[in-house]
Amino acid sequence: TSLTWSFCLFMLQGKGLFAKRSIKKGETIFIERPLVSAQFLWNTLYKYKACEYCLRALETAEGNARRLSGIPGLSLPHPELCRVRPEQHQACPQCQVMYCSSECRQAAADQYHQALCLGPSEEDPDHPINKLKDAWSKSQNIIYVFQAKDKAHLQKLFTHFCSRTANEEEEIAHKLLGEQFRGQLALLHSLFTEALYDDRLGRWFVPEGFRSLFALVGTNGQGIGTSSLSQWVHACDALELPAQQREHLDSFIDQLYKDIEKETGDFLNCEGSGLFLLQSSCNHSCIPNAEVSFPDNNFLLHLSALCDINQGEEICISYLDCCQRDRSRHSRHKILRENYLFVCSCPKCVSQMDELDVTSEEEEEEEDEMTDV
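As the structure is a prediction and not an experimental result, all values here were calculated from the model.

### A word on the nonpolar core
Move 1: Among the nonpolar cores identified, the biggest contains 47 residues, and I29, C51, Y53, L303 and I315 are the most heavily contacted of them.
Move 2: For this core, the secondary structure elements donating two or more residues are β2 (14-19), β3 (28-32), α3 (102-116), α4 (128-135), α8 (182-196), α9 (207-220), β11 (301-305) and β12 (314-317).
Move 3: Core analysis: the next-biggest nonpolar cluster, separate from the first, contains 21 residues, L81, A235, L256 and I260 among them.

Listed below in structure tokens is the structure:
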């Protein structure tokens, strides 16, 4: 695909993406594969099955719906719309982790899986890799580098993700762990070294380098969600049906989501995280002109324009979710300062400079008190 961006690095402003030509609303700006990605370990524990390489959901839409709704005999109409193909799934012959295809299994083997494959030690809690996984759910996002053939090239790529002072890195690392878990960072460093030490990557095994790597994952990771059920629902929405059939299908889907909400709540997707070189270069705005999505139901990131973007204009995404963007300026700044260590000066924040410095929670409490009176 032809890219419509230019990549610029500013010493004072960090990174940024700028349009080389005018971009229309809804246009795909670029599609990007992650440098590394992994399903969250806690997600796996809750039986959310995803391809170990590309994170594509492995459950059929019907199987997914049955598990989430707690209705074992549930049958979905139009099962042919489900894109999951269990007959194409392949397991690693040594450790039995699953892939959606032979291509993904081979790609994982070539890039990193040799370092992760435990074979008969898969269930051994004393194996260094298992101890590391137990302590740090993000460990897989780093292991790609330690298995990669061209380690020097990947080290160079990783330096593009974040460039911060040692104090900032330490602050981020401790923020991610929580103040009460300061000692956990030292434990993770010890387990990390025991499981993965490599002379060629020595800079990341010293305490300062480890903190830098930890901060890199924490501040640049992009969430990835895949769902065979969501894909099936979108395919149903696209069907051209007579009015009565459409009403019946929509009613079935509405009831299904009610059953799921009652049984498991909002937690619907296979979830993981990835590091994307281009996407991580997008700066934040509380009124973004672009957004990230994963329409292929795997780790391929699509960046799309939310409005018309002029040539030379910066392409910005939001680091906040939709609900957070609706909160007060002070609340937004608090979230961004604590998690990303910057103060936003986007047009929305500048226009609200005269607002009181109170969080949205404080505003709500004040409104409740006034209502009570």
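So much for the structure itself; the text now carries on.
### Looking at the side chain of E52
Move 1: Locating E52 in the fold gives a position in the loop between α1 (41-45) and α2 (61-69).
Move 2: Here E52 falls in the buried class, since its relative accessible area comes to 17%.
Move 3: A polar atom in the side chain of E52 sits 2.9 Å from the side chain of Y112.
Move 4: Not counting the four nearest positions on each side in its chain, E52 is found in contact with V97, M98, Y99, A108, Y112, H113 and L116.

### Comments concerning the packing of aromatic side chains
Move 1: Taken as a whole and assessed by the stated rule, the structure comprises four aromatic pairs.
Move 2: Judged by centre distance (5.4 Å) and plane angle (65°), the rings of Y53 and F299 are edge-to-face. On the criterion of sequence distance, the pair formed by Y53 in the loop between α1 and α2 and F299 in the loop between β10 (290-293) and β11 is long-range, its members being 246 residues apart.
Move 3: Taking relative accessible area as the criterion, Y53 reaches 7% and is therefore assigned buried.

### Digging into the packing of helix α10 (residues 228-237) against helix α11 (residues 243-264)
The relative placement of two packed helices comes down to the angle between their axes together with the axis-to-axis distance.
Move 1: At a minimum axis distance of 11 Å, the contact between α10 and α11 shows a crossing angle of 160°. Looking at the two axes, α10 sits roughly antiparallel to α11. Where α10 crosses over α11, the handedness of that crossing is left-handed. Contacts from L229, S230, W232, V233, C236 and D237 in α10 reach R246, L249, F252, I253, L256, Y257 and I260 in α11.
Move 2: Its residues assigned to classes, the contact of α10 with α11 shows 10 nonpolar, one polar and two charged.

### Focus: the side chain of R325
Move 1: Here R325 shows up in helix α12 (residues 322-325).
Move 2: At 6.1 Å, E291 is the nearest oppositely charged side chain to R325, a buried residue that forms no salt bridge.
Move 3: In this structure R325 touches C286, P288, S318, L320, R332 and K348, once residues within four positions along its chain are discounted.

### Comments concerning the sheet that holds β11
Move 1: Pairing within the open sheet is antiparallel, and its three strands lie in the order β3-β11-β10. The strands lining the two open edges of the sheet, one partner per strand, are β3 and β10. On average, adjacent strands in this sheet sit at an angle of 20° to one another, irrespective of strand direction.
Move 2: Sheet analysis places β3 next to β11, joined by four bridges and oriented antiparallel. What sits directly across from T28, in β11, is S304.

### Description of the pattern of salt bridges
Move 1: The final tally for this structure, using the stated rule, is five salt bridges.
Move 2: When the shortest N-O distance is used, the salt bridge between R21 and E27 registers 2.7 Å.
Move 3: For E27, a relative accessible area of 22% translates into the label partly exposed.
Move 4: Of the charged contacts, one joins E338 and K334 as a salt bridge, the two residues approaching to 3.2 Å between their closest N and O atoms.

### Considering the sheet that holds strand β8 (residues 270-275)
Move 1: What the three strands build is an open sheet, ordered β4-β8-β7; its pairing is antiparallel. The open sheet has two edge strands with one neighbour each: β4 (36-39) and β7 (222-226). Sheet twist, expressed as the average angle between the axes of neighbouring strands with direction ignored, equals 25°.
Move 2: Direction of pairing for β4 relative to β8: antiparallel, over a ladder of four bridges. By the bridge assignment, S37 is partnered in β8 with G274.

### Concerning a nonpolar patch on the surface
Move 1: A surface patch of nonpolar side chains, about 390 Å² in accessible area, is lined by W42, L45 and Y46.
Move 2: With respect to the helices and strands, the residue W42 is situated in helix α1.

### Here we look at the environment of A115
Move 1: On the secondary structure map, A115 appears in helix α3.
Move 2: Taking relative accessible area as the criterion, A115 reaches 22% and is therefore assigned partly exposed.
Move 3: With 14 residues separating them in the primary sequence, A115 and I129 have C-alpha atoms 8.9 Å apart.

### Describing helix α13 (residues 329-340)
Every α-helix winds through 3.6 residues per turn, so residues three or four apart in the chain are directed the same way.
Move 1: The end-to-end C-alpha separation of α13 is 16 Å, in line with the 16 Å expected for 12 residues at 1.5 Å each.
Move 2: All buried positions along α13 are accounted for by R329, S331, R332, H333, I335 and L336.

### Some points on α2
Move 1: Residues of α2 that are buried include every one of A61, N64, A65, L68 and S69, and no others. Taken around the axis of α2, the buried residues stretch over an arc of 110°, which confines them to a single face.

### Structural notes on the packing of α2 against α10
Move 1: The geometry of α2 relative to α10 is characterised by a closest axis approach of 8 Å and an angle of 115° between their N-to-C directions. The crossing of α2 and α10 is left-handed. Residue-level contacts link A61, N64, A65 and L68 of α2 to S228, L229 and W232 of α10.
Move 2: Looking at the contact of α2 with α10 residue by residue, the class counts come to five nonpolar, two polar and no charged.

What counts and what doesn't
Residues numbered from 1 in each chain as written. Predicted model: local features only at pLDDT ≥ 70, side-chain atom pairs only at ≥ 80, totals over all residues. Heavy atoms only, no water. Core = buried A, V, L, I, M, F, W, Y, C linked by side-chain atoms within 4.5 Å. Buried < 20%, exposed > 50% of the residue type's maximum accessible area, 1.4 Å probe, protein only. Helix = DSSP H or I, 4+ residues; strand = E, 2+ residues; numbered from the N terminus. Polar contact = N/O pair within 3.5 Å; in protein donor to acceptor, adjacent residues only side chain to side chain. Contact = heavy atoms within 4.5 Å. Phe/Tyr/Trp six-rings, centres within 6.5 Å; stacked < 30°, edge-to-face > 60°. Axes fitted to C-alpha atoms, helices over the stretch in contact; angles between N-to-C directions. Parallel < 35°, antiparallel > 145°, perpendicular 65-115°, else oblique. Left-handed = near helix turned anticlockwise from the far one by under 90°. Nonpolar A, V, L, I, M, F, W, Y, C, P; charged D, E, K, R; others polar. Lys, Arg positive; Asp, Glu negative; His and termini not counted. Salt bridge = Lys/Arg side-chain N within 4 Å of Asp/Glu carboxyl O. Pairing = 2+ DSSP bridges. Patch = residues over 30% accessible without salt bridge, like charges linked within 9 Å, V, L, I, M, F, W, Y side chains within 5 Å. Areas by Shrake-Rupley, 256 points an atom, 1.4 Å probe, with all protein chains shown as cover. Expected span 1.5 Å × (residues − 1). Arc of directions from axis to C-beta.

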